Amino acid sequence: MVRVGDVFRALADPTRRLILDELTLRDGQTLFEICSRLIAHGNTSTRQAISQHLAVLEEAGLVVSHRSGRTKIHHLNTQPLRSITERWPVTD
Amino acid sequence: MQARINVTSVFVDDQAKALAFYTEKLGFLPKTDVPVGEHRWLTVVGADAPDGVELLLEPDEHPAAKAYMRALVEDGIPATSFAVDDVVAAHRELEAQGVRFTQPPTPMGPVVTAVLDDTCGNLIMIASPA
């Protein structure tokens, strides 16, 4: 069970939002690819920092990972965002 | 003193398997193959430069080498990078031959890169100008 507080905390950081952007562009990336893409787009975070950001995103359920062979692959999971609009429905 | 780079290396878990992959899939040519104890001094060269820098396919026998390779592979980090004329074409060709990629061709600033599994314990980047 992901707490909504974790989702907000995960989304509060601009680099973590950029990671989610990159996973939206291409789902299923290694740490190396995420780091390379962020560098190519002008972000200067270290690999260690990105790794910690991914851990926060995983805790919030916004990123899930699996192994392909021995390599860890990260996927976007937008399900936890549903809890936000369930609590505060979007009205037109 | 003016040293020259004549050899570089990747650790591999099996030299015979590595020689097959690096020649048949990546298109390198066998160069040196000399028995050294239970292993071989085994090198390949680029087809464009048979007298150029040699790539040593080095046994990963030392426990630290295995740990190093595992850690890089877990995070998707290539052991080394090779130049190709066209990454997109190379990816298409290799994938058709069953080579597994952890990253498809992706523009990364001035280059296009892709990352493949050499089946010998490494991920390898290939790159061409964007």
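**A short note on the overall build of chain B**
Piece 1. Helix and strand counts for chain B come out as 3 helices and 8 strands.
Piece 2. In sequence order, chain B lays out its α and β elements as β-α-β-β-β-α-β-α-β-β-β.
Piece 3. Since a compact globule built from 130 residues should have a radius of gyration of about 14 Å, the 15 Å found for chain B is in line with a globular shape.
Piece 4. Taken along its principal axes, the extent of the C-alpha atoms in chain B is 45 × 35 × 30 Å.
Piece 5. In chain B, 51% of the contacts between residues at least 6 apart in sequence involve partners at least 24 apart.
Piece 6. As displayed, chain B has an accessible area near 7100 Å², and 56% of this comes from carbon and sulfur atoms.
Piece 7. Within chain B, the 19 negative side-chain charges are centred at a point lying 1 Å from the centre of the 9 positive side-chain charges.

**Points about helix H3 (residues 31-40) of chain A**
Piece 1. Counting buried positions over the 10 residues of H3(A) gives 8, a clear majority of the element.
Piece 2. If you check which residues of H3(A) are buried, you get Leu31(A), Phe32(A), Glu33(A), Ile34(A), Cys35(A), Ser36(A), Arg37(A) and Leu38(A).
Piece 3. Against the buried residues of H3(A) lie helix H2 (14-25), helix H4 (47-59) and strand S2 (71-76) of chain A together with strand S6 (101-108), strand S7 (111-117) and strand S8 (123-129) of chain B.
Piece 4. Where H3(A) terminates, the next one or two residues include Gly42(A), which has phi positive at roughly 90°.

**Section: the nonpolar core**
Piece 1. In terms of nonpolar packing, the biggest core is built from 23 residues, with Tyr22(B), Leu55(B), Leu57(B), Phe101(B), Leu116(B) and Ile126(B) touching the most fellow members.
Piece 2. Going through the elements one at a time, strand S1 (7-12), helix H1 (15-25), strand S3 (39-45), strand S4 (54-59), helix H3 (87-96), S7 and S8 of chain B are the ones with two or more residues in this core.
Piece 3. Here this core gets 4 residues from one element, more than from any other, and that element is H1(B).
Piece 4. Excluding its chain neighbours within four sequence positions, the residues that come into contact with Tyr22(B) are Val10(B), Gly27(B), Phe28(B), Leu55(B), Leu57(B), Phe82(B), Asp118(B), Asn122(B) and Ile124(B).
Piece 5. Of all hydrophobic cores here, the second largest spans 16 residues; its members include Leu20(A), Leu23(A), Leu54(A) and Leu57(A).

Conventions and cut-offs
Residues numbered from 1 in each chain as written. Chains lettered and ligands numbered in written order. Predicted model: local features only at pLDDT ≥ 70, side-chain atom pairs only at ≥ 80, totals over all residues. Heavy atoms only, no water. Helix = DSSP H or I, 4+ residues; strand = E, 2+ residues; numbered from the N terminus. Rg over C-alpha atoms; globule rule 2.2 N^0.38 Å. Contact = heavy atoms within 4.5 Å. Areas by Shrake-Rupley, 256 points an atom, 1.4 Å probe, with all protein chains shown as cover. Lys, Arg positive; Asp, Glu negative; His and termini not counted. Charge placed at Lys NZ, Arg CZ, Asp CG, Glu CD. Buried < 20%, exposed > 50% of the residue type's maximum accessible area, 1.4 Å probe, protein only. Core = buried A, V, L, I, M, F, W, Y, C linked by side-chain atoms within 4.5 Å.

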